[in-house]
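# Summary of the model geometry
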Amino acid sequence: MQSNLNRYFSQLENFGHSLKASCYRIPVKTTEDIYEVFQLAKRLGLKVTARGAGISYNDASLNGGGIVMDMSGLNQIQEWDPASGVVRCESGVTLEQLWQRVEPDGWWPPVVSGTMKTTLGGCLAANVHGKNNFQVGPIGEHVVEFTATLPTGALVTCSPTKNADLFYALISGLGMLGVFTSITLKMKRIHSGLISVDAWHVPDLRRQLNGLLEHAPDHDYTVGWLDAIAGGKSLGRGQIHGARQLKEGEDPDAQKTLQLSFQHLPDRFFGVVPKSGLHYFMKPVMNNFGMRFVNMGRYVSALRAHTFRQSHAAFHFLLDYVPNWERSFGRGGLIQYQSFLPKETVEDAWREIIQLSHRNGLPSYLGVTKRHRPDKFLLTHGVDGFSLALDFKVTDRNRRRLGAMLQEFDRIVLNGGGRFYFAKNSETSAASARRFLGDETIAKFKRLKQRCDPNHLLESDLYRRVFG
Ligand SMILES: Cc1cc2nc3c(=O)[nH]c(=O)nc-3n(C[C@H](O)[C@H](O)[C@H](O)COP(=O)(O)OP(=O)(O)OC[C@H]3O[C@@H](n4cnc5c(N)ncnc54)[C@H](O)[C@@H]3O)c2cc1C
C-alpha cells in the first residue's frame, strides 16, 4: 500500500462544492483493511479521516494532505429480522439500501436525513436528526449496538449499557475516536407506504415558530420552509408540513403502497423532462433577483391549506427529487449555515440573522426550520427549541464577506444560548465550539480521544478547525 500511495491521490469536495482538499483516498472493505490504514498512517506520519458517502455540507470528511478512508465498500446488510425490526449493517450501508430492504416488510428507519444517499457510519458520526427530532431524538437513540475499530487496533462493541461512555461519544464524535464497522438499529413499524401530510402557510416568523411548536404534538414529523428573502412584516413567512404515519387499517391498499415500485421517486418531471438535467434550468434564477420571484411564487401557491397522502420516500427525501440540485448554485457552490436555538431566544436571534443577511445583500435562497429536543450525546447539537438551515450561494466575489457574515451569525447564536451542528457549518471556529460545548465537554472529549487514539491518527479538516 505504501509504495503505491500516489495512486490513491484524489481531489475531494464537500457536498456543496465550496471546499476542496487533496487527499489519499483509500478504499477499505474489512476491519483488517482499516487496521492496515492506521498502521500505514502511523508509519508515514499522516492523519486519517473516515468518509462514508462524503456528502456532509462542510469539511467533516475532508483531510487535506492526509488519508481519507473510503467506507462505501463496507456495505452489506448483515442481518435483518422482520419480526423484531432489528437490522445489523456494515457502516457503509446507505439509508437508501436500508429503507429499500425494510420497507416492504412494514418497517421504516426511525430517523433519516433529508437525503437517502448518506451512510449509516456518517449518520452515526454526525448523529443526524430527522423531521421527527422533537418526538424521537437523533439516530443515536435508536442504535441497539455498534462495533468500532479504534486506531489502537482494538475492536470495541458499545451499547447504552456496554462501554456507555464510548457509545455516547463515538455517536456524535465525527469519526474522531474510532471507525464504525457494524451497526445494529431498531426500525419503526409502519402500516402503509403512505404518510398523511398537512400543509399550511405561515405569514411571519412568530407564526412559523408557533406553528412548529403548537402543531408538533399532533404530528410525527414537522418541517417548515422559510422564505429568507422576505423582509418587513413578512420576515420569516413560509409553509409548514406536518405529517403523521397511518394507523393500521387506514390505508386499504397497504399491500400495494408498501411495495418498492410505489416508493420510487420519478426520474422525469411531469413525466417528460429528465430530472437529471433540471439543475441546468435552475441555474439562471439562482441570484437575489430570480429567487425573490421564485420564493414569492412558492409562497402564493402555499396559501391554500390542504392535506394529502404521499409515499414515505417522497416525503422524507424531497431533496433527492432533483439530482445534483446543489450544482444549480454555480461554480462557487453553496454553504449551509444551520443554527439551533432555545425556544426562548429563537425569534430575536433569527430575526437579527435574517436582517443582517439582507443588509449585507447576501440573502439565503432556501431556509428550512425544524423543532428539536435535547439529547445525551457528548457533542450534541440538540436543544429544546428550533433549527434553521440557510443555504448561501458562494462566489469568488462574496466568499470573504459571506465568511465574515457567518461569523457574525455565530456571535448572535452564541449570545442566544444556541448550538451548532458539525455536519453543516463551515465557519464555526474553535472559540465558538468551546463556547457552546463548554470546557467540561471538550475536556471529556479530549480524554476519550487520548484513550482511543493516543497517536492522534484520526483528524479531519473539521477536527483541526474546531478542536485544533
Ligand atoms: C441534501 C442533504 C440533506 C441533509 N439532511 C440532513 C438532515 O435532515 N438531518 C441531518 O442531521 N443531517 C442532514 N444532512 C447532513 C448529513 O446527514 C451528514 O453530513 C452525514 O454525516 C453525511 O453522511 P455521509 O455518509 O455522507 O458522511 P460523510 O460526509 O462521508 O462523513 C461525515 C462524518 O462522518 C464520519 N464518518 C463517516 N463514516 C464513518 C464511519 N464508518 N465511522 C466513523 N466515522 C465515519 C466522517 O469522518 C465525518 O466526520 C444532509 C446532507 C445533505 C447533503
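Now for a look at the structure at hand. What you see is a predicted model, and the numbers here were worked out from it, not measured in a lab.

So, how was this worked out
- Residues numbered from 1 in each chain as written.
- Predicted model: local features only at pLDDT ≥ 70, side-chain atom pairs only at ≥ 80, totals over all residues.
- Heavy atoms only, no water.
- Salt bridge = Lys/Arg side-chain N within 4 Å of Asp/Glu carboxyl O.
- Helix = DSSP H or I, 4+ residues; strand = E, 2+ residues; numbered from the N terminus.
- Buried < 20%, exposed > 50% of the residue type's maximum accessible area, 1.4 Å probe, protein only.
- Contact = heavy atoms within 4.5 Å.
- Pairing = 2+ DSSP bridges.
- Axes fitted to C-alpha atoms, helices over the stretch in contact; angles between N-to-C directions.
- Phe/Tyr/Trp six-rings, centres within 6.5 Å; stacked < 30°, edge-to-face > 60°.
- Lys NZ or Arg CZ within 6 Å of the ring centre and 35° of its normal.
- Patch = residues over 30% accessible without salt bridge, like charges linked within 9 Å, V, L, I, M, F, W, Y side chains within 5 Å.
- Areas by Shrake-Rupley, 256 points an atom, 1.4 Å probe, with all protein chains shown as cover.
- Near = heavy atom within 4 Å.
- Polar contact = N/O pair within 3.5 Å; in protein donor to acceptor, adjacent residues only side chain to side chain.
- Nonpolar A, V, L, I, M, F, W, Y, C, P; charged D, E, K, R; others polar.
- Parallel < 35°, antiparallel > 145°, perpendicular 65-115°, else oblique.
- Left-handed = near helix turned anticlockwise from the far one by under 90°.

## Points about the pattern of salt bridges
Tallied over the entire structure, the rule returns 22 salt bridges. For the salt bridge of R25 with D70, the shortest nitrogen-to-oxygen distance reads 3.2 Å. With a gap of 45 residues between them, R25 in strand β2 (residues 20-27) and D70 in strand β4 (residues 67-70) connect regions that are remote in the sequence. When its relative accessible area of 31% is taken as the criterion, R25 is described as partly exposed. K343 is the salt-bridge partner of D384, the closest N and O atoms lying 2.8 Å from each other. Placement of the pair is D384 in the loop between β19 (366-372) and β20 (385-393) and K343 in the loop between β18 (334-342) and α12 (346-359), with a sequence separation of 41 residues. What makes D384 partly exposed here is its relative accessible area of 31%.

## Some words on the environment of P104
Within the secondary structure, P104 sits in the loop between α2 (95-102) and β7 (107-108). A sequence separation of 78 residues divides P104 from S182, and the C-alpha atoms of the two residues are 23 Å apart. Here P104 is in contact with W99, L258 and L260, once residues within four sequence places are set aside.

## Quick look at the sheet that holds β2
Overall, mixed pairing links the 4 strands, which are arranged β1-β2-β4-β3 in an open sheet. Each of the sheet's edge strands pairs with one partner strand only, and the pair in question is β1 (9-13) and β3 (48-51). Averaged over all adjacent pairs, the angle separating strand axes in this sheet is 45°, with direction ignored. One ladder, built from 4 bridges, connects β3 with β4; its direction is parallel. If you follow T49 over to β4, its bridge partner there is V68. Sheet contacts for helix α1 (residues 31-44): β2, β3 and β4; angle to β4, the most-contacted strand, approximately 175°.

## Focus: the packing of aromatic side chains
On inspection of all chains with the given rule, the structure shows 26 aromatic pairs. Between W99 and F317, the ring centres sit 6.5 Å apart and the planes meet at 25°, which makes this aromatic pair stacked. Taken together, the residues W99 in helix α2 and F317 in the loop between α11 (312-316) and β18 connect sequence positions 218 residues apart. Take W99 and F317: they sit in the same class, and that class is buried. With centroids separated by 6.3 Å and ring planes inclined at 70°, the aromatic side chains of Y337 and F420 adopt a geometry described as edge-to-face. Of this pair, Y337 sits in strand β18 while F420 is found in strand β21 (residues 419-420), placing the two residues 83 residues apart along the sequence. Each member of the pair Y337 and F420 is classed as buried. Taken together, the ring pairs in this structure connect Y337, F392, F409, F420, F422, F436, F445, Y463 and F467 into an aromatic cluster. Between K131 and the ring centre of F315, over which it is positioned, the NZ or CZ distance is 5.5 Å. One Lys or Arg, R237, reaches over the ring of Y299 and ends 4.4 Å from the middle of that ring.

## Concerning a nonpolar patch on the surface
A grouping of V273, Y280 and F281 is seen on the molecular surface, where their side chains present a nonpolar patch of about 350 Å² in accessible area. Residue classification places F281 among the exposed residues on the basis of a relative accessible area of 61%.

## Looking at the side chain of D204
Inspection of the secondary structure puts D204 in the loop between β12 (194-202) and α6 (205-215). With residues up to four places along the chain from it excluded, the contact list for D204 reads K233, S234, L235, G236 and R237.

## Side note on unusual backbone geometry
Notably, L174 is not glycine yet its phi reads approximately 55°, a positive angle. The class for L174 is buried, based on a relative accessible area of 11%. In this model, H456 sits at a positive phi of 50°, which is unusual for a non-glycine residue. When you line up the elements, H456 lands in the loop between α15 (439-452) and α16 (461-467). On the basis of relative accessible area, H456 is assigned to the partly exposed category, the value being 24%.

## Some points on the site of the ligand
Taken together, 35 residues sit near the ligand, with A50, G52, S56, T119 and Y421 positioned nearest. The separation between an oxygen atom of the ligand and a polar side-chain atom of S56 is 2.7 Å. Here the ligand loses 98% of its free accessible area of 970 Å² to cover by the protein chains. Counting only elements with at least two residues in the shell around the ligand, the list comes to β3, α3 (120-126) and β10 (179-186). Across the shell around the ligand, the residue classes break down as 16 nonpolar, 16 polar and 3 charged.

## Remarks on the packing of α6 against α12
Two elements in contact, α6 and α12, have axes whose closest approach is 10 Å; the angle formed by their N-to-C orientations is 135°. On the basis of the axis angle, α6 is oblique to α12. Considering the relative orientation of α6 and α12, their crossing is right-handed. Between α6, through L205, R206 and L209, and α12, the contact on the second element is made entirely by V346, E347, W350 and R351. Of the residues belonging to the contact of α6 with α12, the class tally is 4 nonpolar, no polar and 3 charged.

## Side note on the packing of α12 against helix α13 (residues 399-415)
It is at 10 Å that the axes of α12 and α13 come closest, and there the two elements cross at 165°. With respect to their mutual orientation, α12 and α13 come out roughly antiparallel. The crossing of α12 and α13 is right-handed. The residues of α13 that touch α12, namely those facing A349, E352, I353, L356 and S357, are M405, E408, F409, R411, I412 and V413. The class makeup of the residues in the contact of α12 with α13 is 7 nonpolar, 1 polar and 3 charged.

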